[in-house]
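Working through the structure, step by step
For reference, the chains in residue letters:
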Amino acid sequence: MLMNRTIAILLAAIVGAETYAQTLIEKGLKNKEYLIFGLILYVIVGIIYYLMLKNGSKMAIANALWNAGTTVGVALVGWVAFGQKLQWPFEVSGLVLVIIGVFLMGMSK
């Protein structure tokens, strides 16, 4: 990928933070304490996004990479942690297209 190191680190942080926030919110369906921590993480997601933009990332690129990364991350957590299945061929193919899109978006300068 042709992005600077700071943006790459922030991208990993925002994908990780939002994926974990969504995991906590899913757990919050049974235990409201998880919900609170998930919501707090969403504040951190907003701060990380601000830092991405402040460090020179284009809004469209930053948002697309963030959303794509979170889509893949949440799908994996749903499958591994919660036993949620992905339907073949549409949901699996959609995730493959998202991954391809991440690489294409990341190649732009």
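As a reminder, the structure under discussion sits directly above these lines.
Residues numbered from 1 in each chain as written. Predicted model: local features only at pLDDT ≥ 70, side-chain atom pairs only at ≥ 80, totals over all residues. Heavy atoms only, no water.

1. Some details on helix α4 (residues 90–106)
Rules: Put simply, DSSP H or I for four residues or longer makes a helix, DSSP E for two residues or longer makes a strand, and each gets a number counted from the N terminus. Each residue after the first adds 1.5 Å to the expected span of a helix. For the exposure calls, accessible area comes from a 1.4 Å probe over protein chains only, and a residue counts as buried if that area is under 20% of its type's maximum, exposed if over 50%, partly exposed in between. In this description, one arc is meant: the one made by directions from the helix axis to the C-beta atoms. Contacts are assigned to residue pairs with any non-hydrogen atoms lying within 4.5 Å of each other.
Its 17 residues place the ends of α4 24 Å apart at the C-alpha level, agreeing with the 24 Å of an ideal helix rising 1.5 Å per residue. Within α4, burial applies to Leu95, Val102 and Gly106. Down the axis of α4, the buried side of the element spans an arc of 15°, and every buried residue falls inside it. Facing away from the buried side of α4, by more than 90 degrees, are the exposed residues Phe90, Leu97 and Leu104. On its buried side, α4 packs onto α3 (59–82).

2. Topic: helix α1 (residues 5–27)
Inclusion rule: We call two N or O atoms a polar contact when they sit within 3.5 Å, provided that within protein one can donate a hydrogen and the other can accept it, with sequence-adjacent residues counted only if both atoms are side-chain atoms.
The end-to-end C-alpha separation of α1 is 33 Å, in line with the 33 Å expected for 23 residues at 1.5 Å each. Along α1, the positions that sit buried rather than exposed are Ile7, Leu10, Leu11, Ile14, Val15, Ala17, Glu18, Thr19, Ala21, Thr23 and Leu24. Buried-residue contacts for α1 involve α2 (32–54) and α3. Regarding α1, its N-cap is Asn4, as a side-chain oxygen of that residue lies 3.0 Å from the backbone nitrogen of Thr6 further along.

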